[in-house]
Each structure stands twice: as structure tokens, then as C-alpha cells.
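# Observations on chain architecture
Read off the chains here:
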Amino acid sequence: MKKRIGVLTGGGDCPGLNAVIRGVVKAAIIQHGWEVVGIEDGFDGLLTGRCRQLSIDDVRGILPRGGTILGTSNRGNPFARPVEKGGKIEYVDSSDEVVERIKSLGIGALVVIGGEGSLKIAVDLMNKGVPIVGVPKTIDNDLMETDVTFGYNTALETATDALDKLHSTAESHHRVMIMEVMGRYAGWIALESGIAGGADVILIPEIPFDIRKICLAIEKRRNNGSRFSIIVAAEGAFPAGGLRVVKNNADATHAIERLGGVGEFVAKELAANLDMDVRVMVLGHLQRGGSPSTFDRCLGSRFGVKAVELVDRNEFGTMVCLKGRDIGNVAIEKAIKQLKVVDPDCEMVKSAANLGIMLGR
Ligand code: F6P
């Protein structure tokens, strides 16, 4: 009998997912003659049975496409599935159904393409006997044990391009423009796009900010003849001694905390303290969309091929990773132990400061 493997994309989408799927399908079929089952909408597809066999034809022409041809979900944890009972949300463990489904589909190994949340679920499924290989995905770049996750590079390009565009309008109107970017609890997108896009102030979650000092920095710029300023604020940034701005907390109805609104918060404070027009632009889900960059297409393809190699070598419970220029693998558990955040004293932060960028402190 032919070996059959499954592949799914879990969590928030990001550019490059299709390159990984294509890599998995091509390597599995061309190198090994295996069958590949594409599972739809992340782990949800294993509960509902929504899946389809993927051929080489199915992955033709998908390299430049954003999103994922399989669909995804960042709400589908089979160990805590939200179910409405008597007007209330209750969380039920449906993991046994998932394990049964994997068996009944004849799937001998599963490739899980996901971020921290999906890889945590992968580890729990591994503990129930499902052989799994992980592929690290997220625009946030917050996974340990890999130099970078695919999707991050494209998100950076989008953010940098937006900063270039904001510069001209900020300059014409002599305004303070605040651009809020994603990244959850890590400031990578804000820091790197801020440096690349010539920001004047960069606010990241790892360095709580002081509004008074931001005002002083903008005033200093104005006194030196620069009548506009550009601020990049990571959605997870927060004031020293204050709270993170959230759209909703994690509670019975929301599985995870949703961040957002720090741009508006900073704008209000600046408008109250500076005699300048302040505007906010929330870049939002644009960072997750669009065609993947060359870097992400190549990295995603290499990750997909490596994942198949790991399945072939029975190296389950591991995740593909990039170390330097090489693709390797590490234990998934090691990669999800803690988030990879920006070290406030690292070279990149110091370089930003040496470029005259104000970092909120
Ligand atoms: O983890 C990726 C990410 O885009 C974060 O940067 C952001 O906080 C979150 O997902 C947004 O999720 P949603 O698509 O559910 O709004």
C-alpha cells in the first residue's frame, strides 16, 4: 500500500503557506510516490472530515499566491473546541475524534504548518500517538529555534513600503504619522520595518514607552527643522507602568487576547501634548496578505521539502528550521517553550538608537 501523509495549515495565514504546501506535495510524490491528503481549515478539517487528495496539478501555479489553498482557522483547537450550550460557550475536548479521523483516513504522518498555537496542538496530538512534523509559520517571527519564520519577510516588505508612502504625506502636512503594525508580543516587525523605512520613533512591547520622552524627541526634531515625524508602534507596545491596549481579553468567548489600539492611544497623548496634527494608520491584515516575497517562496519551498524528508526518516515531534543558511530540524517542544522576543539590549536595538531613532525610553 502507498504511504499517505496529511498536511494542514493552522492559525493566522501568512504569505508563503502555498509554497510550503507545494513543497510537501512535490517532494512526497516525486521523491517517494506517496499520497498527500490536504486537510481544510486547519485542525477543524480533521473534525469535520473536510479534506482532499492533492496532486501535482493541484499545486501548479500557487507559488505567487498569498493565503493558503487549504484554508485555515485560528480558533480550531480540538482539545478545547468552543460549543454553545444553553446560550453559554463551553470548551470540549474532541481530540479523540481527531485521532480517529487521522486513522480512518489512513494518514501515517501529519505535516502541521503553523505558529506557536498550532504547534502546541501538534505536540498534544503527538502525545496521543499521532506522528507529526512541524513547519514554523508566522508573520510575527516569534518562534524560538529558527532564525526566521516564513511570512515574516513579506510582512516586513509590506510595512516598509507603507512607511515609504506615509513619509511623503507626513512631510507635506507637517504631521506626526503613527503606523501600528502587528506582531503580538514581539516587536520584530516594528523594529525592522522601522529601521528600513526610516522611522523617527519605534515602539516595541519589549521596551515600555514614556509618552513624555516621545514628545520631547518630536519637539527636538521640529526645533531642528524637521516638521514631521514618523512613529511605528507594534500592536503589543504599552506605556511604562501602564497596560497593553486590547480589543478583547481572552475569556469564555475569545480563546485568545486580541491586540490593537495602541496607535490611537499614543495619538491622543501626543495631540494633547504637542501643537501638531497627529494621524494614525493601522496596517492590519495587509501584513498577512499578498504575494510572498522571493525569500519567503524559497524558504517555504525548502521547509516543505525538509518536512517530507523528516517524515521519511521518522523524525517525528520535530520542526524544520533555518539556522544561518541551512535548513535543519529541532524538537517542537523546544521551539514553543517561550516566545522569541526582541532583546532590548541587542545589536539591532542599539543600531536603531545609533541611527537617532527614539525607542520610547
Ligand atoms: O499571529 C499573527 C497575527 O497576525 C498577529 O500579528 C495578530 O495579533 C493576530 O494574528 C491577528 O489575528 P486575527 O486574524 O485573528 O485578527
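Refer to the preceding data block for the structure.
## Some thoughts on the sheet that holds strand β9 (residues 201-203)
With parallel pairing, the 4 strands of this open sheet are ordered in space as β9-β10-β8-β13. Either end of the sheet is taken by a strand with one partner, and the two such strands are β9 and β13 (278-282). Sheet twist, expressed as the average angle between the axes of neighbouring strands with direction ignored, equals 20 degrees. Relative to strand β10 (residues 229-234), β9 runs parallel, the two sharing 3 bridges. When the bridges of β10 are listed, I202 appears paired with V232.

## Some remarks on the pairing of strand β5 (residues 88-92)
Judged from the 5 bridges that link them, strand β4 (residues 81-85) and β5 form a sheet pairing that is antiparallel. Residue pairing in the sheet places P82 in a bridge with Y91 of β5. Counted along the chain from β4 to the antiparallel partner β5, the turn is 2 residues long, and its residue G86 has a positive phi close to 55 degrees.

## Digging into the pairing of strand β1 (residues 4-9)
Most of β1 is tucked away, with 5 of its 6 residues classed as buried. In this structure, β1 lies alongside strand β2 (residues 35-39), joined through 4 bridges in parallel fashion. Each bridged residue has a counterpart across the sheet, and for I5 the counterpart in β2 is V36. Of the pairings in the sheet, the one linking β1 to strand β6 (residues 109-114) comprises 5 bridges and is parallel in character. Paired with T9 across the bridge in β6 is I113.

## Overview of the layout of surface pockets
Approximately 1200 Å³ is the volume found for the largest pocket. Lining the largest pocket we find 47 residues, and of these G12, N74, R75, R184 and I256 sit closest to its centre. Contributions of two or more residues to the lining of the largest pocket are made by α4 (116-126), β8 (176-181) and β12 (258-259). The greatest single-element share of the lining of the largest pocket, amounting to 6 residues, is contributed by α4. Among the residues forming the lining of the largest pocket, the class breakdown is 13 nonpolar, 17 polar and 17 charged. Quantified by volume, the second largest pocket comes out at close to 180 Å³. Together, 14 residues line the second largest pocket, and D200, A217, R221, G356 and M358 are the ones closest to its centre. Here the lining of the second largest pocket gets 5 residues from one element, more than from any other, and that element is helix α7 (residues 211-223). Residues of the lining of the second largest pocket, tallied by class, amount to 8 nonpolar, 3 polar and 3 charged.

## Side note on unusual backbone geometry
Its identity as a non-glycine residue notwithstanding, N141 has a phi of 55 degrees, on the positive side. When you line up the elements, N141 lands in the loop between β7 (132-136) and α5 (152-173). With relative accessibility at 4%, the residue N141 sits in the buried group.

## Observations regarding helix α6 (residues 188-196)
The α-helix advances 3.6 residues per turn, and as a result positions three or four apart in sequence lie on the same side. Taken residue by residue, α6 has W188, I189, A190, L191, S193 and G194 as its buried positions. Residues of α6 that are buried in the fold lie against α5, β8, β9, β10 and α11 (347-354). In the stretch just after α6, G198 is the one whose phi turns positive, near 70 degrees.

## Some remarks on the pattern of salt bridges
Going through the model one piece at a time under the given rule, you end up with 18 salt bridges. Across the salt bridge formed by R60 and D57, the nearest N and O atoms sit 2.5 Å from each other. Across this residue pair, the class does not change: R60 and D57 are exposed. The partner of D210 in a salt bridge is R212, with the nearest N and O atoms 3.7 Å apart. For D210, a relative accessible area of 23% corresponds to the partly exposed category. You can call R212 exposed: its relative accessible area is 55%. Three or more residues joined by partner-sharing salt bridges are found here, namely K306, E309, R313 and E315.

## Remarks on the nonpolar core
With 66 residues, the main nonpolar core has I113, V135 and F150 as its most contacted residues. No other element matches α5, which puts 8 residues into this core. What I113 contacts, discounting residues up to four positions off in sequence, is V7, L8, T9, G10, L17, V20, I21, V135, K137 and F150. Counting residues in each nonpolar core, the second largest holds 26 residues, with V37, L46, A122 and I332 among its members.

Analysis parameters
Residues numbered from 1 in each chain as written. Predicted model: local features only at pLDDT ≥ 70, side-chain atom pairs only at ≥ 80, totals over all residues. Heavy atoms only, no water. Pairing = 2+ DSSP bridges. Helix = DSSP H or I, 4+ residues; strand = E, 2+ residues; numbered from the N terminus. Axes fitted to C-alpha atoms, helices over the stretch in contact; angles between N-to-C directions. Buried < 20%, exposed > 50% of the residue type's maximum accessible area, 1.4 Å probe, protein only. 1 Å grid on protein atoms, 1.4 Å probe; cavity = no way out; pocket = protein on both sides within 12 Å on 5 of 7 lines; lining within 4 Å. Points joined across faces, edges and corners; volume = space filled by probe spheres on them. Nonpolar A, V, L, I, M, F, W, Y, C, P; charged D, E, K, R; others polar. Contact = heavy atoms within 4.5 Å. Salt bridge = Lys/Arg side-chain N within 4 Å of Asp/Glu carboxyl O. Core = buried A, V, L, I, M, F, W, Y, C linked by side-chain atoms within 4.5 Å.

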